[in-house]
Structure formats: structure tokens, C-alpha cells
Amino acid sequence: MAAVAGSPTGELQGRRALVTGGASGIGAAIVRRLAAGGAVVAIADLQAEAARALAQEVGGIAVTLDVTDFDAVAAAVTDHGPFHILVNNAGIDQHAFFTRTTPVEWRRLLAVNLEAVFNTTHAVLPGMQAAGYGRIVNVASEAGRLGSRGGAVYAAAKGGVIAFTRSIARENGAKGITANVVAPGPIDTPLLRQAVAQGGEKLLAAMTGATLAGRLGTPEEVAAAVAFLASESAGFITGEALGVSGGMGAGA
Ligand SMILES: NC(=O)c1ccc[n+]([C@@H]2O[C@H](COP(=O)([O-])OP(=O)(O)OC[C@H]3O[C@@H](n4cnc5c(N)ncnc54)[C@H](O)[C@@H]3O)[C@@H](O)[C@H]2O)c1
């Protein structure tokens with residue numbers, strides 16, 4: 001496989017990684033990037049077919065599950081772990097002003113974007129602690145730092161992910177385990193296209209306009225940051241939130 005800038009081929013050799021939501025968009029780019037670095041990657045996703053196809057492409061493992069299911073996540077980690085790298089990337093979004101949203105929608109947004117991170121971390125962390133090594137990278141959002149017009153509960157969930165990650169970093173700092181957040185801005189994926197379908201072209205213009213770069217990001221640009229934080233070289237970086245957002249959250 002060709003060398004990948006910033007993640008020399010072989011740097012992740014011998015490492016096992018679990019990537020949630022790895023079948024699509026940013027997650028799929030993360031899977032490809034970690035696999036290119038030499039890791040064996042388990043792709044945990046609701047989309048069985050897409051996960052299987054990608055697992056075949058990268059020589060990884062497809063695990064069909066709903067990350068909100070505590071028992072299913074625990075069973076998957078028992079079957080396919082222990083993992084040196086955990087990337088919590090699965091997420092869902094909704095574009096609507098808060099007063100037009102319902103408690104049923106809030107619960108699903110919180111379950112997938114926040115509680116699922118508890119499920120996987122609870123299942124994976126004991127193995128990392130026993131090994132004295134681990135890299136946890138949680139894909140949050142600039143919305144979790146800045147708030148979001150039309151995404152209040154999503155932003156609350158992502159803000160929760162940032163606080164949770166920093167807490168895990170504090171609890172495990174001296175155990176060889178790092179926990180960091182990557183906070184994307186608008187990235188061109190199916191999830192963003194779905195938001196644009198709900199919010200219209202004006203939303204797309206507002207999203208790109210909010211970046212200093214004046215454009216959407218790519219899944220590969222997020223994956224590069226995740227791969228760095230998942231690497232052994234990033235061992236002295238923990239409890240951080242790194243924006244990959246064309247400068248949208250500069251200074252946050
Ligand atoms: N695209 C953006 O602009 C953007 C911006 C900021 C943050 N993010 C975050 O990046 C992450 C990836 O988003 P994306 O844009 O690639 O989205 P996407 O919709 O392309 O991919 C998300 C993946 O998560 C999976 N998934 C959703 N719910 C799941 C569940 N309950 N169990 C298992 N798998 C589940 C989906 O099947 C899909 O494969 C999300 O956490 C999202 O909130 C995206």
C-alpha cells in the first residue's frame with residue numbers, strides 16, 4: 001500500500017482499531033486511513049452491506065450493530081477486541097429550530113451522538129487499561145463548541161462528547177491512554193447533504209460562509225487528523241479538541 005503523508009505506512013502495524021459509523025462519509029475515510037497505516041480495523045455500523053464491502057476492501061472486519069445498544073457493543077468488543085484504537089464517529093443530525101423538535105427526536109440524537117460514546121468507551125477502555133496503551137478519538141463537531149442554529153440538541157450532544165472525552169483523558173492520563181476530540185466543520189458527506197436537503201441551498205451557503213476557507217471540507221481531511229491523534233506519535237496530546245473546520249472555530 002502507498003505511504004500516507006502524516007501516517008507512515010506501518011506506524012499502526014499490529015494495532016487493532018474500532019471505528020463506529022465506519023461505513024460512510026468521514027468514518028469510511030477514517031477506516032481507509034487507519035488501514036493504510038497498517039491497523040486491522042473493525043467497522044461497526046448499522047449499514048451491513050456498505051460495512052462488509054469496505055471491510056473487504058481494506059482487509060478489516062464488518063460488525064453490524066446499533067451503537068446505542070449497550071449489550072451489542074459489549075459483545076462486539078468481546079468478539080473482536082481488545083482494541084488499541086477507538087474512534088467514535090457514528091452520528092446523526094437534524095436540521096430544525098428547537099421549538100419544532102420533539103422529545104422522541106431529542107432522545108435519538110442524544111442516544112446516537114452521546115450515549116453511544118459511553119457504550120463503546122465502557123466496553124473498550126478496560127482492555128486499554130490492562131495493556132497500558134490506548135488512543136481514543138471522538139468525532140464531535142464545531143457545533144459542540146459554538147452551538148448551532150437549527151441543531152440545538154445535536155450541539156448539546158456534541159458538547160457532551162467533548163466534556164466526556166476530557167473526563168476520560170483526566171481519568172486515564174497516566175495509564176498510556178489518550179482521549180481527544182476532532183471537531184469537524186461542514187464536511188461533504190451524505191449526512192451534510194441530508195441537512196442541506198432539509199435546510200436548502202441557503203444553509204449550504206451559510207455553512208461554507210462560516211469557514212475561513214470558504215468551502216466544505218473533505219472526509220479525508222478529517223481522517224488525517226484522526227489518524228494523527230490515533231498514532232503512537234501523538235502520545236503527549238490528550239484532552240484536546242482539534243477543529244477540522246477551515247477555521248470556523250478558530251479560538252474556541
Ligand atoms: N458531515 C459534516 O458536515 C459533519 C460536521 C461535523 C461533525 N460531523 C460528525 O461526523 C461524524 C460522521 O458523519 P458523516 O458526515 O460522515 O455522516 P454519514 O451519515 O455519512 O455517516 C454516519 C455513519 O454512522 C452510521 N450510524 C448512524 N447511526 C448509527 C447507529 N445507531 N449505529 C451504528 N452506526 C450508525 C451510519 O450508518 C453512517 O454509516 C458524525 O458523528 C457527525 O456528527 C459531521
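Since we're looking at a predicted model, the values are computed, not measured.

> Outline helix 4 (residues 103-131), supporting the account with residue identities and numerical values.
With 29 residues, helix 4 ought to run about 42 Å at 1.5 Å a step, and its terminal C-alpha atoms sit 41 Å apart, in line with that. Backbone geometry just after helix 4 places G132 at a positive phi near 70 degrees.

> So what's going on with the site of the ligand? Which residues, and what values?
Neighbouring the ligand are 29 residues; S24, D45, N89, Y154 and T189 lie closest to it. For the ligand, an oxygen atom lies 3.1 Å from a polar atom in the side chain of Q47. Take K158: an N or O atom from its side chain is 2.9 Å from an oxygen atom of the ligand. About the coverage of the ligand: the protein hides 93% of its 820 Å² of free accessible area.

> So, the packing of helix 4 against helix 6 (residues 152-172): which residues are in play, and what are the values?
In a pair of packed helices, the angle between the axes and the distance between the axes together describe the arrangement. One can describe the packing of helix 4 onto helix 6 by two numbers: an axis separation of 8 Å at closest approach and a directional angle of 15 degrees. It follows that helix 4 is roughly parallel to helix 6 by the angle criterion. For the element pair helix 4 and helix 6, the recorded crossing hand is right-handed. The segment helix 4 lies against helix 6, with W106, L109, L110, N113, L114, V117, F118, T121, L125 and Q129 engaging V153, Y154, A157, K158, G160, V161, F164, I168 and N172. Here the residues of the contact of helix 4 with helix 6 sort into 13 nonpolar, five polar and one charged.

> Mind laying out the environment of E232, listing which residues take part and the relevant values?
Tracing the backbone through its elements, the reader meets E232 in the loop between helix 9 (219-229) and strand 7 (241-244). Exposure remark for E232: the relative accessible area of 47% places this residue in the partly exposed category. For the pair E232 and E11, spaced 221 residues apart in the sequence, the C-alpha separation amounts to 7.6 Å. Other than its neighbours up to four places away in sequence, E232 contacts E11, R15, Y133 and R135.

> Which residues make up the sheet that holds strand 3 (residues 61-64), and what values do they have?
The sheet built from seven strands is open, its strands ordered 3-2-1-4-5-6-7 with parallel pairing. Only two strands of the sheet have a single neighbouring strand rather than two, namely strand 3 and strand 7. Between one strand axis and the next, the sheet turns through 20 degrees on average, direction left out of account. Two elements, strand 1 (residues 16-20) and strand 2 (residues 40-45), share five bridges in a ladder whose sense is parallel. Paired with V19 across the bridge in strand 2 is I43. In this fold helix 2 (residues 48-58) packs onto strand 2 and strand 3, with an angle of close to 170 degrees to the strand it touches most, strand 3. Lying on the sheet, helix 4 is in contact with strand 1, strand 4 (85-88), strand 5 (134-139) and strand 6 (177-184); it crosses strand 4 at an angle near 175 degrees.

> Explain the pattern of salt bridges to me, and be specific about the residues and the numbers.
Per the counting criterion, the structure on display carries seven salt bridges. Between D66 and R108 there is a salt bridge, with its nearest N and O atoms 3.2 Å apart. In this pair, D66 is assigned in the loop between strand 3 and helix 3 (70-80) and R108 in helix 4, connecting sequence segments 42 residues apart. R215 is the salt-bridge partner of E221, the closest N and O atoms lying 2.8 Å from each other. Given the relative accessible area of 33%, E221 is considered partly exposed.

Each value, and the rule that gives it
- Residues numbered from 1 in each chain as written.
- Predicted model: local features only at pLDDT ≥ 70, side-chain atom pairs only at ≥ 80, totals over all residues.
- Heavy atoms only, no water.
- Helix = DSSP H or I, 4+ residues; strand = E, 2+ residues; numbered from the N terminus.
- Expected span 1.5 Å × (residues − 1).
- Near = heavy atom within 4 Å.
- Polar contact = N/O pair within 3.5 Å; in protein donor to acceptor, adjacent residues only side chain to side chain.
- Areas by Shrake-Rupley, 256 points an atom, 1.4 Å probe, with all protein chains shown as cover.
- Axes fitted to C-alpha atoms, helices over the stretch in contact; angles between N-to-C directions.
- Parallel < 35°, antiparallel > 145°, perpendicular 65-115°, else oblique.
- Left-handed = near helix turned anticlockwise from the far one by under 90°.
- Contact = heavy atoms within 4.5 Å.
- Nonpolar A, V, L, I, M, F, W, Y, C, P; charged D, E, K, R; others polar.
- Buried < 20%, exposed > 50% of the residue type's maximum accessible area, 1.4 Å probe, protein only.
- Pairing = 2+ DSSP bridges.
- Salt bridge = Lys/Arg side-chain N within 4 Å of Asp/Glu carboxyl O.

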